[in-house]
Structures are given as C-alpha cells and as structure tokens.
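# Summary of structural features
Okay, here's what each chain looks like letter by letter:
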Amino acid sequence: MKQLRNNVIRAGLGALYFTGAHHLLRPIFAGVGTIFMLHHVRPAREREFQPNRHLEVAPDFLRAVLSHLRASDIDIVTMDELHRRLTERNFSRRFAAFTLDDGYRDNRDFALPVMREFDAPFTVYVASDFAQGAGHLWWIALETVISRTSSVEVDISGVATRFDTSTRAAKQAAFDRLHDWLRGLPGRDDLKREIGALCARHGVDEAAICHEFCLSWDELKSFSNKALVGIGAHSVTHCNLARQPAEIASQEMTMSRARIESALQRPVAHLAYPYGDKFAARGREFALAKSAGFKTAVTTRPGMIFPESADYLTALPRVSLNGNYQDKRILPVLTSGAATAMWNGFRRIDAA
Ligand SMILES: [Zn+2]
C-alpha cells in the first residue's frame, strides 16, 4: 500500500514536470515562500530494508535544492525572519526556510557543512527527551527489531499476532502494519510500553538508539552556538499532541521549550508539532501553541506560505524533502506549489 502511494506521488510529480503544468500553476500556488521539512541528512545506506528511508536525504540532494533556490534568487531565511516578513507583510522577495525535525546528530555532521556552502540558515526542532538520551525513537527501534528477526509476535488488543519477517517484502509488510498499530495507540505510555516490550524480547536497546542518533545536550550546546543554526522545540516525549488531554499537550510544548532554553541558554521561539499531520496537530494545538507564546509553529501538512498564512502562524504548512523522491527534476515542481496545491485540492490555507 505504501509502495503504491509512493508510486502515485512519484507519477504525479513526474507528470507535473513533464507536462510543464507547474509553470501554469506557479503564479497562483507558489505563494510567497516555502518552509522545507527534513529529518536525517546523511549518505545513502546500502541495506535492503529501509522502511524509514522517506525521512532521510543525501547531502548531495540537499546541495541540489540549495543550488536551485540560489539560482532562482529565493532568499533563504531563519524562522525569525520568516515571522517578520509575514507579520510585516513584506513580500517583495520570495523566501524559503529550512527546518529539520527531532535533533539528529547527522544534522550537525552532514547538513551543517552543506548549509554553510550556501550561507543558508536552518532550524533544528529538538524533542527534549531525545537530547536527554531518554527518548523513544520507536520507528527506528521497530526497523531494528524487524531487520534482525525472521518473525515477530505482538499482542494486539489482547490477541497474540505473529508476523513473518523472513523476506524483504514480509519485513516491509510487518513494519507497515506494526507502525500503524503503534501510532494508533491512545496514550503516551501505551506506545512506550509496547515498543519497550518488543525491544526487550528482541534484545534491542532503545537507549542506545537514542544515543546513536540524537545530539546530546552538550553537543547541542556547541552546535547551537554556531552561525546559521537555530533551535526550536519539538515537545518533550515526541507524542501525538492531539491525543493528549489539553493540559499534557500544553506541558509538552512549554516544558520542552523550558528545558532547551535552560540547557542551551538561549530563547526558543518556534515549535514543530511531532508527526504534525491533521491527526496530530489541529485547532486546539494551534491555539495552545499560540497562547504558550510561540512566534511560529509548523505542521507536516503540505503547503506553501501565502500572505494569508500570517493569520495562522501556529499552523504553518511545509514542503517535505522526502527521501523517496530525491530527483533534481522535481525541484521546480516543488517550488511552484503545484504539487502541494494538488494535494490540498487547490486550497491555499488548510488550518482547521
Ligand atoms: Zn519528529
């Protein structure tokens, strides 16, 4: 199913490129700017089973994106500057902001050197538990468990269910099913408990995963002191905020900010909602982020920035640089707004 969806998206991007339809759509749907969303930036890995591949782009692809933007005379700005242009209605030049979620060490090792080549600022949204070494990167843990085993057994709603994970196709199918199940669990602790049990049964060390991939507080401190690097908040535990009671959702936002500010000794004014789709961040969360005093908050809803986005500063859409579509030819399509316009049924704002 996931593969089918990938193919449909790829065909859509390709069709837009080959028909040139994006040129026609650009004047209406390109908006005034773009917020790009990334996770990992690192060289491609060889292994066969990479169910989280959509979350990573290679340094070369990032370089191609930056080159394209520079050649198109688009300003690359910080989230503070994006906020300023939106609130002051300064749209004399098109702009793009780069945002990277979760706080991965490869952002320092691979993204920063490329961003420096273009003197391009970027914002890394940190989940404070990840920096603490106490985070549950359950999607990586699940990939690790499945990659190592030939079958996985879990209790789903009290029913012991066995998944074959002996071939690449079986591993992908098991991953998709278990990923959906884990993401659908109601509370913060349900997910923690289930992935914890699965890791314990298969000898996977969740804490080691967190340390392997995430910048620690010490590392973040020196990283955040470097030119071009901005730090934002991405909740404490990386939970689905829309599924939490209001009080917890609000705490997740404000406590992550407080922890980052005290560890890094710098103000944090911007937020990214974990998962960030319409099932994880909607009206209530947008209001909570606003009343918590964040200048902006970004979702993972696809879309361009329009002048009217100034009225929805805590519900900003982004354009994903998806690891499954690292093709330089799609760049003019992405910046034309044609792809996100199609996705959104040609609505410019989706902030409900
Ligand atoms: Zn995240």
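Everything discussed here concerns the structure shown above.
Cut-offs used in this document
- Residues numbered from 1 in each chain as written.
- Predicted model: local features only at pLDDT ≥ 70, side-chain atom pairs only at ≥ 80, totals over all residues.
- Heavy atoms only, no water.
- Helix = DSSP H or I, 4+ residues; strand = E, 2+ residues; numbered from the N terminus.
- Buried < 20%, exposed > 50% of the residue type's maximum accessible area, 1.4 Å probe, protein only.
- Lys, Arg positive; Asp, Glu negative; His and termini not counted.
- Salt bridge = Lys/Arg side-chain N within 4 Å of Asp/Glu carboxyl O.
- Contact = heavy atoms within 4.5 Å.
- Donors = N, O, S within 2.8 Å, 3.2 Å for Na, K, Ca; no water.
- 1 Å grid on protein atoms, 1.4 Å probe; cavity = no way out; pocket = protein on both sides within 12 Å on 5 of 7 lines; lining within 4 Å.
- Points joined across faces, edges and corners; volume = space filled by probe spheres on them.
- Nonpolar A, V, L, I, M, F, W, Y, C, P; charged D, E, K, R; others polar.
- Axes fitted to C-alpha atoms, helices over the stretch in contact; angles between N-to-C directions.
- Parallel < 35°, antiparallel > 145°, perpendicular 65-115°, else oblique.
- Left-handed = near helix turned anticlockwise from the far one by under 90°.
- Phe/Tyr/Trp six-rings, centres within 6.5 Å; stacked < 30°, edge-to-face > 60°.
- Lys NZ or Arg CZ within 6 Å of the ring centre and 35° of its normal.
- Pairing = 2+ DSSP bridges.

### Brief notes about the side chain of Glu206
Summarising the element assignment, Glu206 is placed in helix H10 (residues 206-213). Put simply, Glu206 is tucked away with no salt bridge, and the nearest opposite charge, on Lys192, sits 9.4 Å away. With sequence-adjacent residues up to four places away left out, Glu206 is seen in contact with Gly135, His136, Ala141, Ile195, Gly196 and Cys199.

### Some remarks on the coordination of the zinc ion
For the zinc ion, the full set of protein donor atoms is Asp102 (OD), His234 (NE2) and His238 (NE2), and the range of their distances to it is 2.0 to 2.2 Å. Look at Asp102 and you get buried, because its relative accessible area is 3%.

### Observations concerning the environment of Val229
Structurally, Val229 is set in strand E9 (residues 229-233). For the pair Val229 and Arg116, spaced 113 residues apart in sequence, the C-alpha separation works out to 9.9 Å. Discounting residues that sit within four places of it in the chain, Val229 has contacts with Leu112, Phe122, Phe223, Ser224 and Arg266.

### A closer look at empty space enclosed by the protein
As enumerated under the stated definition, the model contains 3 cavities of 30 Å³ or more in all. What the largest cavity holds in volume is close to 200 Å³. In terms of lining residues, the largest cavity is bounded by 17 residues, among which Arg188, Leu191, His238, Cys239 and Tyr275 are the most central. Within the residue set of the lining of the largest cavity, elements represented by two or more residues are helix H7 (138-148), helix H8 (168-184) and helix H9 (188-201). In terms of residue count, H9 provides more of the lining of the largest cavity than any other element does, 3 residues in total. The residue inventory of the lining of the largest cavity, partitioned by class, reads 8 nonpolar, 6 polar and 3 charged. The calculated volume of the second largest cavity comes to roughly 90 Å³. The wall of the second largest cavity is formed by Arg301, Pro302, Gly303, Ser309, Tyr312, Ala315, Pro317, Asn344, Arg348, Ile349, Asp350 and Ala351.

### Comments concerning the packing of helix H12 (residues 246-264) against helix H13 (residues 283-291)
Remark: H12 packs on H13, axes separated minimally by 10 Å, with the N-to-C direction vectors making an angle of 50°. Accordingly, the angle class assigned to the pair H12 and H13 is oblique. The two elements H12 and H13 meet at a crossing, and its hand is right-handed. Here Ala246, Ala249, Ser250 and Met253 of H12 lie close against H13, whose contacting residues are Arg284, Glu285, Leu288 and Ala289. By residue class, the composition of the contact of H12 with H13 is 5 nonpolar, 1 polar and 2 charged.

### Side note on the packing of aromatic side chains
Applying the stated criterion across every chain yields a total of 6 aromatic pairs. Ring geometry for Phe130 against Trp139: centres 6.4 Å apart, planes inclined by 50°, an arrangement best described as tilted. Of the two residues examined, Phe130 and Trp139, each falls in the buried class. Following the ring pairs from residue to residue traces out a cluster consisting of Phe130, Trp138 and Trp139. Sitting above the plane of the Phe294 ring, Arg257 keeps its charged end 4.5 Å from the centroid.

### As for the pairing of strand E12 (residues 316-320)
Counting buried residues in E12 gives 4 out of 5 residues, a clear majority hidden from the surface. Summarising the sheet, strand E1 (residues 33-38) and E12 pair through 2 bridges and their orientation is parallel. Bridging from a neighbouring strand, Phe36 pairs with Val319 of E12. Summarising the sheet, strand E11 (residues 296-302) and E12 pair through 2 bridges and their orientation is parallel. By the bridge assignment, Val298 is partnered in E12 with Leu316.

As far as function goes, none of this settles anything; it's purely spatial.
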